[in-house]
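Read off the chains here:
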Amino acid sequence: MGGIGNEREVSLKTGAAFVKSLERLKYPFESIVAGADLPQVMSQTKCDCALLALHGKYAEDGIVQGILEYLKIPYTGSGVLASALAMNKILTKQILTHWHVPTPEWQVADLSKYKAGEIKLGLKLPVVVKPAREGSTIGLSIVRNENEFVKALDTAGACDQLVIIEEYIDGSEVTVCIWGDKVLPIIEIIPKTGLYDYKRKYTAGETEYIIPARISEKVKKLCENYSLETFKAVDCRQYARVDLRIDKNDKPFVLEINTLPGFTETSLFPKAAAKEGITFDQIIEVLVEQSTLDYR
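Source: prediction; values computed, not measured.

Brief notes about the packing of aromatic side chains
- A full pass over the atoms with the stated rule returns eight aromatic pairs.
- For the ring pair Phe18 and Phe263, a centre distance of 5.5 Å and an interplane angle of 65° mean the geometry is edge-to-face. Taken as a pair, Phe18 in helix α1 (residues 8-25) and Phe263 in the loop between β10 (252-258) and α9 (268-275) lie far apart in primary sequence, 245 residues in all. There is no split in this pair, since Phe18 and Phe263 are both buried.
- Judged by centre distance (5.4 Å) and plane angle (90°), the ring pair of Phe263 and Phe280 falls under edge-to-face. Placement of Phe263 in the loop between β10 and α9 and of Phe280 in helix α10 (residues 280-289) is noted, with a sequence separation of 17 residues between them.
- The class for Phe263 is buried, based on a relative accessible area of 1%.
- Among the aromatic side chains, those forming a connected cluster through ring pairs are Phe18, Trp179, Tyr239, Phe263, Phe269 and Phe280.
- Stacked on the ring of Tyr168, the Lys or Arg Arg144 has its end atom at 5.4 Å from the ring centre.

So this is what it looks like as structure tokens:
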């Protein structure tokens with residue numbers, strides 16, 4: 001848990017929840033707060049598997065998975081390629097387009113080649129501007145007029161030189177949690193005020209969650225199918241969470257897939273699982289017992 005990315009604090013909270021579960025399950029374990037020396041630490045650790053409570057950059061993007069593959073330590077969650085693909089929102093969208101899964105229109109801004117003021121907006125306003133390889137809405141802005149565009153690029157660019165500019169889908173937000181080959185009850189997300197941003201994701205009482213989501217059976221099926229197709233297209237395993245927007249015409253659009261979703265007190269995956277009668281400890285036990293490697 002922990003790590004060296006922007007989601008370190010969230011990861012520590014997920015890790016703390018995992019620790020409590022491991023204690024209840026009576027597994028022998030060692031709690032490792034990941035830092036820059038993680039490769040050396042893991043090379044000296046004798047363990048049967050690594051339970052990943054990491055999120056975001058340098059963690060959820062295939063880097064830690066690659067270290068564990070090299071050391072032949074089985075780990076939880078998706079493999080190296082799936083983790084890297086899912087973390088890169090540009091590559092995810094390219095795959096979704098190939099699979100004919102609806103996703104908002106987008107363009108890419110490479111700030112390693114062009115300054116923010118040189119980027120021309122090719123989409124109609126409003127748009128969402130965000131880092132291409134970051135999570136938890138870190139560095140994200142909604143741009144409603146052209147005067148805000150350069151500032152939004154700079155904000156996203158502070159997190160990642162690759163920035164994605166995406167069509168804003170006016171409507172509702174839902175998330176679909178996938179557990180193995182099973183789709184858990186869909187969650188509707190209603191922030192009390194404004195955008196469902198970092199603060200509203202991780203502060204209790206800032207967001208209302210409705211399970212199951214107040215959507216028609218037809219829209220529910222579409223969300224489930226698109227989420228499963230995304231899970232399979234990116235080649236995920238064990239579990240993941242797919243975020244979608246539903247427009248005013250009841251058309252769902254996949255935004256992204258999270259391969260190591262959070263397990264804090266406000267996190268969505270445990271809520272969806274509980275609604276299905278799956279306990280937190282049951283999740284952890286399955287993750288541990290089914291941990292694996294890409295190269296077995």
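What to know about the packing of α1 against α10
- Two elements in contact, α1 and α10, have axes separated by 9 Å at closest approach and are oriented at 85°. When the axes of α1 and α10 are compared, the pair comes out roughly perpendicular. Within the contact between the two elements, α1 uses Ala17, Phe18, Ser21, Leu22, Arg24 and Leu25 and α10 uses Phe280, Asp281, Ile284, Glu285 and Val288.
- Here the contact of α1 with α10 is built from residues that sort into seven nonpolar, one polar and three charged.

Here we look at the side chain of Thr292
- Relative to the helices and strands, Thr292 resides in the segment after α10.
- Exposure remark for Thr292: the relative accessible area of 16% places this residue in the buried category.
- In this structure the side chain of Thr292 is engaged in a polar contact, spanning 3.0 Å, whose partner is the side chain of Arg296.
- What Thr292 contacts, discounting residues up to four positions off in sequence, is Pro74, Tyr75 and Arg237.

Description of the nonpolar core
- Membership of the largest hydrophobic core comes to 37 residues, with the highest contact counts inside it found for Leu52, Leu68, Trp179, Leu184, Tyr239, Phe269 and Ile283.
- Contributions of two or more residues to this core are made by α1, α2 (38-43), α3 (63-71), β5 (171-179), β7 (187-191), α9 and α10.
- With residues near it in sequence (within four places) discarded, Leu68 still touches Met42, Ala50, Leu52, Ile73, Tyr75 and Leu293.
- In this structure, Leu85, Ala86, Tyr226 and Ala240 belong to the second largest nonpolar core, which totals 25 residues.

What counts and how
Residues numbered from 1 in each chain as written. Predicted model: local features only at pLDDT ≥ 70, side-chain atom pairs only at ≥ 80, totals over all residues. Heavy atoms only, no water. Phe/Tyr/Trp six-rings, centres within 6.5 Å; stacked < 30°, edge-to-face > 60°. Helix = DSSP H or I, 4+ residues; strand = E, 2+ residues; numbered from the N terminus. Buried < 20%, exposed > 50% of the residue type's maximum accessible area, 1.4 Å probe, protein only. Lys NZ or Arg CZ within 6 Å of the ring centre and 35° of its normal. Axes fitted to C-alpha atoms, helices over the stretch in contact; angles between N-to-C directions. Parallel < 35°, antiparallel > 145°, perpendicular 65-115°, else oblique. Contact = heavy atoms within 4.5 Å. Nonpolar A, V, L, I, M, F, W, Y, C, P; charged D, E, K, R; others polar. Polar contact = N/O pair within 3.5 Å; in protein donor to acceptor, adjacent residues only side chain to side chain. Core = buried A, V, L, I, M, F, W, Y, C linked by side-chain atoms within 4.5 Å.

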